[in-house]
Amino acid sequence: MPVTRFAPSPNGPLHLGHAYAAIVAHDLARAGAGAFRLRIEDIDAGRRRPALIAAIHADLAWLGLAWDGAVTVQSQCLPRYHAAVEHLRALGLLYPCTCTRAEIAAASTAIGPDGPLYPGTCRGRDVAAGGDVCWRLDMVRAVEGAGGALFWEDTLAGHQRASPAIFGDVVLVRKTAAGANEPSYHLAATLDDAADGITAVTRGQDLFAASHLHRLLQALLGLTVPRWHHHPLVVEADGRKLSKRRGSPGLADLRCAGVDGRALAEDLRRGILPAGLSLGPGVGWRA
Ligand code: GLU
């Protein structure tokens, strides 16, 4: 039985793209008599807005989407993330880095899924590991440590050979503006998907590349391997994904204006979108 999840970050109000993502995850679970789980990805202390969590609950209820079990809230799972960091550190796969964004941008020669690839400046350097560092994965050693080629399955795009090296020496522990350390999205999401027993990771096409890295982290941390379902994104006429900042209405606005959420969810299921919006392409996406 599939166990899926919807994992919004409460950094801004949910919009129609989130509604579509939640419906895909919910319906996949229900179609297989499985479970649909809700996870609040609120580890970014600088951007999270805790007041939005109640609105997320209300938006899902308005769409007619009920989740199963307790809600996972990432800010309450920090010890688990730290234990995984210690494990990777003990394997000799993490190193501290003091480089600024500007230094990296100036020295980088290639772009990865998360931005300029890290040029490796601090790898092998003797950096004092205080609070003012981030921790990076030594990608070459990590791939070696995984012991051979890794593979993963996407229900739409098919069989994939994992290529985590596209991320370079990715940050797994961020440094915050306040000088504290926080696990990165990649680390926390991978750990939670395993801890929550997710068997089908459903999320938007924009996170397809992340799964190459998550597959590596699963191998290094001895986690169960789910399958993935990267669905197309709801896009605007210019092909860009929705954003509240660019004027896409929030679900809470629609809800408060008296729009029927269940009828809206039915339309989204049928691919009927408000004027000017459409479903974007996906790798291997089939209409
Ligand atoms: N928290 C991410 C977002 O709101 C989704 C991450 C995921 O589904 O893995 O875009």
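Before going into details, it helps to say that this report is about the structure given with it.

1. What to know about the sheet that holds strand S2 (residues 35-40)
Paired through backbone hydrogen bonds, the strands of a sheet run either parallel or antiparallel to each other. Within the open sheet, the three strands sit side by side as S1-S2-S3. Their pairing is parallel. The outermost strands of the open sheet, each flanked by one partner alone, are strand S1 (3-6) and strand S3 (72-73). Pairing of S1 with S2, which is carried by four bridges, proceeds in the parallel orientation. Paired with Phe6 across the strands is Leu38, a residue of S2.

2. Structural notes on the side chain of His231
Relative to the assigned elements, His231 resides in strand S13 (residues 227-231). A polar contact is formed between the side chain of His231 and the backbone nitrogen of Gly204, at a distance of 3.4 Å. When neighbours within four sequence positions are excluded, His231 is seen to be in contact with Tyr20, Ala21, Val24, Leu156, Arg203, Gly204 and Gln205.

3. Some remarks on the nonpolar core
One finds Leu88, Leu137, Leu216 and Leu220 to be the most contacted residues of the largest nonpolar core, which totals 42 residues. Broken down by secondary-structure element, the contributors of at least two residues to this core are helix H3 (78-90), strand S4 (94-97), strand S7 (134-137), helix H5 (139-145), strand S10 (171-175), helix H6 (185-195) and helix H7 (210-221). Tallying contributions element by element places H7 first for this core, with five residues. Residues contacting Leu88, with those up to four places away along its chain left out, are Leu93, Leu94, Leu172, Leu187, Leu220 and Leu221. Counting 29 residues, the second-largest nonpolar core is a separate cluster that includes Phe6, Leu60, Leu65 and Val73.

4. Side note on the site of the ligand
Around the ligand, the neighbouring residues are Arg5, Ala7, Pro8, Ser9, Glu41, Tyr185, Arg203 and Leu207. Between Arg5 and the ligand, the recorded distance is 2.8 Å, taken from a side-chain N or O atom to an oxygen atom. One of the side-chain nitrogen or oxygen atoms of Glu41 is found 2.6 Å away from a nitrogen atom of the ligand. Look at the ligand: alone it shows 300 Å² of surface, and the protein chains cover 78% of it.

5. A few points about helix H1 (residues 16-31)
Compared with the 22 Å implied by 1.5 Å per residue over 16 residues, the 22 Å span of H1 between its first and last C-alpha is a close match. Here H1 has its buried residues at Leu16, Gly17, Ala19, Tyr20, Ala21, Ala22, Ile23, Val24, Ala25, His26 and Ala29. Remark: Ala33 follows H1 within two positions and exhibits a positive phi of approximately 55 degrees.

6. Side note on the packing of aromatic side chains
Aromatic rings in a pair are described by how distant their centres are and how their planes are angled relative to each other. Tallied over the entire structure, the rule returns three aromatic pairs. Ring plane angle 40 degrees and centroid distance 6.5 Å describe the contact between Tyr95 and Tyr118, whose orientation is recorded as tilted. Of this pair, Tyr95 sits in strand S4 while Tyr118 sits in the loop between strand S6 (115-116) and S7, placing them 23 residues apart in sequence. Look at Tyr95 and you get buried, because its relative accessible area is 7%. Above the plane of the ring of Trp135 lies Arg89, whose end atom (NZ or CZ) is 4.0 Å from the centre.

7. Points about the sheet that holds S4
Reading across the sheet, the four strands line up as S4-S7-S10-S11 and stay open at both edges, with antiparallel pairing between neighbours. For this open sheet the edge positions go to S4 and strand S11 (181-183), each flanked by a neighbour on one side alone. Averaged over all pairs of adjacent strands, the angle between strand axes in this sheet comes to 30 degrees, irrespective of strand direction. Examined bridge by bridge, S10 and S11 share three bridges and lie antiparallel to one another. Residue pairing for S11: Val173 is matched across the bridge by Pro183. Lying on the sheet, H3 is in contact with S4, S7, S10 and S11; it crosses S4 at an angle near 105 degrees.

8. What to know about the packing of H1 against helix H9 (residues 261-269)
The geometry of H1 relative to H9 is characterised by a closest axis approach of 10 Å and an angle of 75 degrees between their N-to-C directions. It follows from the interaxial angle that H1 and H9 lie roughly perpendicular. Here Leu16, Ala19, Tyr20, Ile23, His26 and Asp27 of H1 come into contact with H9, specifically with Leu264, Ala265, Leu268 and Arg269.

Calculation criteria
Residues numbered from 1 in each chain as written. Predicted model: local features only at pLDDT ≥ 70, side-chain atom pairs only at ≥ 80, totals over all residues. Heavy atoms only, no water. Pairing = 2+ DSSP bridges. Helix = DSSP H or I, 4+ residues; strand = E, 2+ residues; numbered from the N terminus. Polar contact = N/O pair within 3.5 Å; in protein donor to acceptor, adjacent residues only side chain to side chain. Contact = heavy atoms within 4.5 Å. Core = buried A, V, L, I, M, F, W, Y, C linked by side-chain atoms within 4.5 Å. Buried < 20%, exposed > 50% of the residue type's maximum accessible area, 1.4 Å probe, protein only. Near = heavy atom within 4 Å. Areas by Shrake-Rupley, 256 points an atom, 1.4 Å probe, with all protein chains shown as cover. Expected span 1.5 Å × (residues − 1). Phe/Tyr/Trp six-rings, centres within 6.5 Å; stacked < 30°, edge-to-face > 60°. Lys NZ or Arg CZ within 6 Å of the ring centre and 35° of its normal. Axes fitted to C-alpha atoms, helices over the stretch in contact; angles between N-to-C directions. Parallel < 35°, antiparallel > 145°, perpendicular 65-115°, else oblique.

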